[in-house]
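Structural features, examined
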Amino acid sequence: MTPKNYAKKLGLPPGTLIYTGKEKNHFEISILDYDENNFREIQETDVEASFSFKDSPTVSWINITGLHNTETIQKIGKYYSIHPLSLEDILNIHQRPKIEHFDTYNFIVLKMLTYNQESCEIESEQVSIVFGKNYVLTFQEKSGDVFDSLRSRIKAANGIIRKSGSEYLVYAIIDAIVDHYFLILEHLDENLEELESEVVSKPSLETVQKINQLKKNLITMRKSIWPLRELLAKLLRSEFVLESSVIYFRDVYDHTVQIIDIIESLRDISSGILDVYLSSVSNKTNEIMKTLTIIATIFIPLTFIVGIYGMNFAHMPELEWEFGYPFVLFLMAGMVITMIFYFKKKKWF
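Residues numbered from 1 in each chain as written. Predicted model: local features only at pLDDT ≥ 70, side-chain atom pairs only at ≥ 80, totals over all residues. Heavy atoms only, no water.

Some points on a negative patch on the surface
A cluster of acidic side chains, namely Glu 186, Asp 189, Glu 190, Glu 193, Glu 194 and Glu 196, defines a negative patch on the protein surface. As for its placement among the helices and strands, Glu 196 is situated in helix α4 (residues 166-201). Judged by relative accessible area, Glu 196 falls into the partly exposed class, the value being 37%. (Patch = residues over 30% accessible without salt bridge, like charges linked within 9 Å, V, L, I, M, F, W, Y side chains within 5 Å. Areas by Shrake-Rupley, 256 points an atom, 1.4 Å probe, with all protein chains shown as cover. Salt bridge = Lys/Arg side-chain N within 4 Å of Asp/Glu carboxyl O. Lys, Arg positive; Asp, Glu negative; His and termini not counted. Charge placed at Lys NZ, Arg CZ, Asp CG, Glu CD. Helix = DSSP H or I, 4+ residues; strand = E, 2+ residues; numbered from the N terminus. Buried < 20%, exposed > 50% of the residue type's maximum accessible area, 1.4 Å probe, protein only.)

Re the pairing of strand β4 (residues 98-101)
Relative to strand β5 (residues 106-116), β4 runs antiparallel, the two being bridged by 4 bridges. By the bridge assignment for β5, Glu 100 is matched with Phe 107. As consecutive antiparallel partners, β4 and β5 are separated by 4 residues. (Pairing = 2+ DSSP bridges.)

Some details on a nonpolar patch on the surface
A cluster of nonpolar residues, Ile 288, Met 289, Leu 292, Ile 295 and Phe 299, forms a patch on the protein surface that exposes about 490 Å² of accessible area. Of note, Met 289 is situated in helix α6 (residues 243-309). Its relative accessible area of 46% is what places Met 289 among the partly exposed residues.

Here's the deal with the pairing of strand β3 (residues 59-65)
Taken across its 7 residues, β3 has 7 buried, putting it largely inside the fold. The two faces of β3 match: Val 59, Trp 61, Asn 63 and Thr 65 on one face and Ser 60, Ile 62 and Ile 64 on the other face are all buried. Inspection of the sheet shows β3 paired to strand β7 (residues 135-140) by 6 bridges, in the parallel sense. Directly across from Trp 61, in β7, lies its bridge partner Val 136.

A look at the sheet that holds strand β2 (residues 39-44)
Here 7 strands make up an open sheet; going across it, the order is β2-β1-β3-β7-β6-β5-β4 and the pairing mixed. For this open sheet the edge positions go to β2 and β4, each flanked by a neighbour on one side alone. The average angle at which neighbouring strand axes cross in this sheet is 20°, direction not considered. (Axes fitted to C-alpha atoms, helices over the stretch in contact; angles between N-to-C directions.)

What to know about the nonpolar core
With 57 residues, the main nonpolar core has Leu 169, Ile 174 and Leu 188 as its most contacted residues. Listing elements by their share of this core, those giving two or more residues are β1 (28-34), β3, β5, β6 (121-131), α3 (148-156), α4, α5 (205-237) and α6. It is α4 that provides the largest number of residues to this core, a total of 17 residues. Contact partners of Ile 174, with chain neighbours within four places excluded, come to Ile 108, Leu 110, Leu 228, Leu 232, Phe 249 and Val 252. (Core = buried A, V, L, I, M, F, W, Y, C linked by side-chain atoms within 4.5 Å. Contact = heavy atoms within 4.5 Å.)

The analysis is restricted to geometry; functional conclusions fall outside its scope.
Put into C-alpha cells, the structure is as follows:
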C-alpha cells in the first residue's frame, strides 16, 4: 500500500522535517531517570526540561509524545545532535523497521501494534528510538502504549533494569513491543477458532469478510515482524552491543522467529478456512440445484400429460369418459410416487 500523506514530501530536499501523520495530540515529555539506588519521574511540556539529562551519569528514558510539532522535534534533534535524516524518519511514520548507527547515537524504528476489540483490526504506530551512552529517547505519535509494565518494573526496581545501562533499557522496550505481538496473536487465534466453527455450521457473506480481515491483520503483523527480525540480527552482529546484553537481544530475536512461525501457521489455516468456506458454499449450491432439478424432473411428465389433455381437439377419446378426470389424477400421482421412490433408491434425496 502507498503511504498516506506522502505527497507532502515530494520535491523537498533530504532532511526536511514534515510530519506525515494525522494525529495531533498534545505535546508531552515523560522522563524516567534512575540508577541502582535512585529514581525520579518527571512530566513536562517544555522541551528544554529534557536537555539536562543528556550528560547525566544516571540512565534517562525520555519519551516524547506528539510529533506534529516539528519545531520542538527539531530543537530536541539539535541538542542531542540527531542527524536531520533521522529526524525526518521520526516524523515520517511510514518507515520500515530498521536500525542505523551514528557516531554519537544509534537509531531504531519499530512498529508498536495494538488490537482493537471493536473493529477486530490491528492498529500500528511507529516508535522511534534514539539512544546514547546514558539516555534513551523514544518518539510516539499519540499517547498510550505497551510500556506500562516496563515503567512499573523501573519504579519498583524489579529485576536488573535499574542496575543496567541504556542498552538494557532499549532491549526492554523492544521486548515489551514484541511480547505484545504474542497478545495480539492470541486474539487472532481465538478469531480463527470461531471462524472454523462458523464456516462449518452456517457460512455467510459476513464469514468471508471476517476471513479477509483476519488475513489483513496477519499481513500487517508480518510486515512489522520480518524487518524487526532483520533489525535484531544486525544489532547482534554489531559492535555496539555489550557482551553482557547480547544474550537478552538474542532472546528477543528468538521471540521474533517464534512469532513469524505462528503467523505463517495462522496464514495457512486462514487460507484453509477460506477453501472450506468456498467448498461449503459450492456444496450448498449443488444441494439447491439438485433439489430444483428433482422438482423439475417430477413435474416434466405431469406437464406433458396436462399439455396433452389441454389440447382443443373435438374427438379426443378420453374427453367424454366418465372416469377420465380421476384416472388422469391417479396416473399423475402414481408417476410422482414412482419417481420419488426411484430417486430415494438412487440416494439422490
